[in-house]
Amino acid sequence: MSTPKHHVGVIGGSGLYAMSALTDVHEETVSTPFGDPSDAIIVGSLGDTRFYFLPRHGRGHRIPPHRINYRANIFALKLLGARQLISVSAVGSLREDVHPGEVLMVDQYIDRTRSRTGSFFDDVGLVAHVGLADPTDPSLSAVVADALRAGGATVHASGTYLCMEGPQFSTRAESHLYRSWGAAVIGMTGMPEAKLAREAELPYASMALVTDYDCWHTGHAAVTVDEVIKVMSRNVSTARAALAAVRDWPAPEASPATSALASALITDPSHVRRDVRERLALLIGKYLPVQAP
């Protein structure tokens, strides 16, 4: 078996890994310094690409968005070997021209979450301030968008994702407020996932699958779980086909994300304990190697 050239992590629904052409499919159970990820990670190969699939909510959709262990998910994918990440998630549209059944490639976020730990560097004695001006990777997003279009999907190349706390859907007042801010779609899982991907120095792209118009659109019924599931099941097939169609993934090292921590670690190295260096070695080892304090 040839050595994979590309290593792509995919965070999304359980059905994404049901790609008939995958070979060497197996599961990996991973523990991390931040606890366990949402589920076992399904690993499989397609051509010269090794995929690492992680059901964000666990198989059977057991974990609500505000209880997902985002840190463990990102850490586990990097630990197994993923070098870039694709997020696949259901969203509501906040724009008239972004219709249910279409796909939007996210390039910006507004974070309205409030109870989630959003950093690997939280209360560990090491402070990092990564740049997040452009939270998704343009080259990775473009490759995915091209594959989606080739498969017949209607794709919006950019737009802002408003991440709400959930698990409840929006009030109508909130939905109108977010529209006034210029957000294109609304979801519950984009943050802190995108922030953590940047701290882990993993290029990140977000495939937002539009299922509804939230509750702002007077010409459509307010979002319901039944409607989300119905549209999402069709969209997952589209996403799966697009992932299988990509052959020339961009080189991760060409992305600025892969050196995000180079100028982000602000703590004096002499004050970073050995146990912290060991715990975070996967993330910071090339900047702060394990050594005696």
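For the structure, see preceding data.
A quick note: this is a predicted structure, and the numbers were derived from the prediction, not measured.

### A word on the overall build of the protein chain
Argument step 1. Check the secondary structure of the protein chain and you find seven helices and eleven strands.
Argument step 2. Here the C-alpha radius of gyration of the protein chain, 19 Å, is about what a compact globule of 293 residues would show, namely 19 Å.
Argument step 3. Seen through its principal axes, the protein chain has C-alpha atoms that stretch 65 × 50 × 35 Å.
Argument step 4. Across the 293 residues that make up the protein chain, the buried fraction comes to 54%.
Argument step 5. Counted over contacts in the protein chain with a minimum sequence separation of 6, partners at least 24 positions apart contribute 80%.
Argument step 6. Within the structure as shown, the protein chain displays about 12700 Å² of accessible surface, and the carbon and sulfur contribution to it stands at 51%.
Argument step 7. Here the protein chain contributes 27 positively and 30 negatively charged side chains, and the mean placements of these two sets differ by 1 Å.

### Considering the nonpolar core
Argument step 1. Of all hydrophobic cores here, the largest spans 47 residues; its most connected members are Leu 85, Phe 120, Leu 126 and Leu 280.
Argument step 2. Mapped onto this core, the elements with two or more residues apiece are strand S3 (41-46), strand S4 (49-55), helix H1 (70-80), strand S5 (84-93), strand S9 (160-163), helix H4 (193-199), strand S11 (204-212) and helix H7 (281-284).
Argument step 3. Here Leu 126 is in contact with Phe 121, Leu 265, Thr 267, Val 272, Val 276, Leu 280, Ile 284 and Leu 288, once residues within four sequence places are set aside.
Argument step 4. Phe 51, Val 143, Leu 148 and Leu 209 belong to the second largest nonpolar core, which has 30 residues in total.

### Some remarks on the environment of His 26
Argument step 1. Structurally, His 26 is set in strand S2 (residues 23-28).
Argument step 2. Its relative accessible area of 28% is what places His 26 among the partly exposed residues.
Argument step 3. Along the chain, His 26 and Val 246 lie 220 residues apart, while their C-alpha atoms are 21 Å from each other.
Argument step 4. Within the structure, the side chain of His 26 is placed 3.2 Å from the side chain of Glu 28, a separation counted as a polar contact.

### Remarks on the packing of aromatic side chains
Argument step 1. Under the definition given, this model contains eight aromatic pairs.
Argument step 2. For the ring pair Phe 51 and Trp 249, a centre distance of 6.2 Å and an interplane angle of 80° mean the geometry is edge-to-face. One end of the pair, Phe 51, is in strand S4; the other, Trp 249, is in the loop between helix H5 (225-245) and helix H6 (274-279), with 198 residues separating them in the sequence. As far as burial versus exposure is concerned, Phe 51 and Trp 249 are alike and both buried.
Argument step 3. The rings of Phe 34, Phe 75 and Phe 120 are connected pair by pair, giving a single aromatic cluster.
Argument step 4. A cation sits over an aromatic face here: Arg 179 above Trp 216, 3.6 Å from the ring centre.

Criteria and thresholds
Residues numbered from 1 in each chain as written. Predicted model: local features only at pLDDT ≥ 70, side-chain atom pairs only at ≥ 80, totals over all residues. Heavy atoms only, no water. Helix = DSSP H or I, 4+ residues; strand = E, 2+ residues; numbered from the N terminus. Rg over C-alpha atoms; globule rule 2.2 N^0.38 Å. Buried < 20%, exposed > 50% of the residue type's maximum accessible area, 1.4 Å probe, protein only. Contact = heavy atoms within 4.5 Å. Areas by Shrake-Rupley, 256 points an atom, 1.4 Å probe, with all protein chains shown as cover. Lys, Arg positive; Asp, Glu negative; His and termini not counted. Charge placed at Lys NZ, Arg CZ, Asp CG, Glu CD. Core = buried A, V, L, I, M, F, W, Y, C linked by side-chain atoms within 4.5 Å. Polar contact = N/O pair within 3.5 Å; in protein donor to acceptor, adjacent residues only side chain to side chain. Phe/Tyr/Trp six-rings, centres within 6.5 Å; stacked < 30°, edge-to-face > 60°. Lys NZ or Arg CZ within 6 Å of the ring centre and 35° of its normal.

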